[in-house]
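# A closer look at the structure
So the chains spell out like this:
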Amino acid sequence: MSKIAFVFPGQGSQAVGMAKEAYETVPASKEIFEVADQTLGFSLSNLIFEGPETELKQTSNTQPALLTASIAWLEAFREKGIQADYMAGHSLGEYSALVAAGVLSFADAVSIVRARGQYMEQAVPGGQGAMAAVLGADREALGVLCRDVSESGHIVELANMNCPGQIVISGVKEGVAAVAERVKETGGKRAIALEVSGPFHSSLMKDAAEKLADKLKTVSFAPANIPVVANVTAQPVEDGQVQQLLTEQVYSPVLWEDSVTWLIEQGVDTFIEIGSGSVLTGLIKKTDKTVKLYNVNSLETLEATVAALQ
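Quick look at the structure, then. (Residues numbered from 1 in each chain as written. Predicted model: local features only at pLDDT ≥ 70, side-chain atom pairs only at ≥ 80, totals over all residues. Heavy atoms only, no water.)

We now examine the packing of helix H2 (residues 27-40) against helix H5 (residues 59-78). Contact geometry of H2 with H5 gives a least axis separation of 7 Å together with a crossing angle of 155 degrees. One way to sum up the angle between H2 and H5 is to call them roughly antiparallel. For the pair H2 and H5, the sense of crossing is right-handed. Every residue of H5 that contacts H2 at Ala 28, Ser 29, Ile 32, Phe 33, Ala 36 and Leu 40 is listed here: Pro 64, Thr 68, Ile 71, Ala 72, Glu 75 and Ala 76. By residue class, the composition of the contact of H2 with H5 is nine nonpolar, two polar and one charged. (Axes fitted to C-alpha atoms, helices over the stretch in contact; angles between N-to-C directions. Helix = DSSP H or I, 4+ residues; strand = E, 2+ residues; numbered from the N terminus. Parallel < 35°, antiparallel > 145°, perpendicular 65-115°, else oblique. Left-handed = near helix turned anticlockwise from the far one by under 90°. Contact = heavy atoms within 4.5 Å. Nonpolar A, V, L, I, M, F, W, Y, C, P; charged D, E, K, R; others polar.)

Here we come to the environment of Glu 273. Inspection of the secondary structure assignment puts Glu 273 in strand E8 (residues 268-274). Judged by its relative accessible area of 1%, Glu 273 falls in the buried class. In the structure, Glu 273 is positioned 83 residues away from Arg 190 in sequence and 28 Å away in space, judged by C-alpha atoms. The residues contacting Glu 273, other than those within four sequence positions of it, are Val 7, Pro 9, Ser 278, Val 279, Leu 280, Thr 281, Tyr 294, Asn 295 and Val 296. Looking at Glu 273, its side chain comes within polar contact range of the main-chain nitrogen of Leu 280, at 3.3 Å. (Buried < 20%, exposed > 50% of the residue type's maximum accessible area, 1.4 Å probe, protein only. Polar contact = N/O pair within 3.5 Å; in protein donor to acceptor, adjacent residues only side chain to side chain.)

Attention now goes to the pairing of strand E4 (residues 156-163). Counting buried positions over the eight residues of E4 gives seven, a clear majority of the element. Note: E4 against strand E5 (residues 166-172), six bridges, orientation antiparallel. Opposite Leu 158, over in E5, you have Ile 169 as the bridge partner. (Pairing = 2+ DSSP bridges.)

A word on the packing of helix H8 (residues 139-151) against helix H9 (residues 173-181). Contact geometry for H8 and H9: axes closest at 10 Å, N-to-C directions at 135 degrees. Considering the angle they form, H8 stands oblique to H9. Here H8 and H9 pass one another in a crossing that is right-handed. Here Leu 142, Leu 145, Cys 146 and Val 149 of H8 lie close against H9, whose contacting residues are Gly 175, Ala 178 and Val 179. In terms of residue class, the contact of H8 with H9 is made up of six nonpolar, one polar and no charged.

With that out of the way, let us pick up the environment of Arg 116. Within the element layout of this structure, Arg 116 appears in helix H7 (residues 106-123). What makes Arg 116 buried here is its relative accessible area of 1%. Each C-alpha atom, one on Arg 116 and one on Ala 209, is 8.3 Å from the other, the two residues being 93 residues apart in sequence. Once you skip the residues sitting within four places of it in the chain, Arg 116 turns out to touch Gln 63, Ser 91, Leu 92, Tyr 95, His 201, Leu 212, Gln 249 and Val 250. In terms of polar contacts, Arg 116 uses its side chain to reach the side chain of Gln 249, at 2.7 Å.

Cis geometry is found at the peptide bond from Gly 51 to Pro 52, where omega equals 5 degrees. Even without a glycine there, the phi angle at Ser 91 is positive, about 55 degrees. By the element assignment, Ser 91 lies in the loop between strand E2 (86-89) and helix H6 (93-100). We classify Ser 91 as buried; its relative accessible area is 11%.

As structure tokens, this is what we get:
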């Protein structure tokens, strides 16, 4: 029996103009943008549709913008009647997955991720933190190298286990640079610096996590109507765990490859990436070339996905 997972992208997938087609053609999608604007008290819609890109790329704007675009496309796609067996999202995308599974209301989620972005921006002064994608390294060997460098006083840690051959590291600028220089010791080919505003998913984000924990106490969580795979555990979220997992997620590694592998073990053979871009589709393909992959990020891709699945 074929099973379907809806997956939602995280930071880095944003683009000016994303989900504008959904806004213009699907009333339920337009309503999502209106709720976002009303909840946040400014026109997030205008920033998403018009830019400027520099402003959209600020973490405190990117996070609510991507969530809004993902849920707008989800609303458009749901009208076609295709159901998911599982939900998952990469980092910020986990909030989209929780909204999709009925755990969080969209209004609560957009308020939380706006604050989450602000806390993450404030946690480490600009220019002090860094992230880099390491290609071809052995996970265990890279973890040992990060610990070695951290012990010398420059914190650097594994941040995203994206797919075989791609692991993101995060920490202070000097720590990330030191690991990048020695990457060949881990079997890695090279390290590519990422354009980010902070050392996300590292212990340097613990201050942001503490603030987020307080914010999460102000909203209510419902039981998931579809299982959501958590970044921190690569296992389905259990009732009562959500607050803790979302807090830990800010400073813990994103176990994306492990999550995808777990989903495939449960019989998922079809992944549909909903939202801007196609980053997750690429990562999943590198994890398992046999699964079917679709995107819902335009009216054209939405219709093509529906046609393929009917």
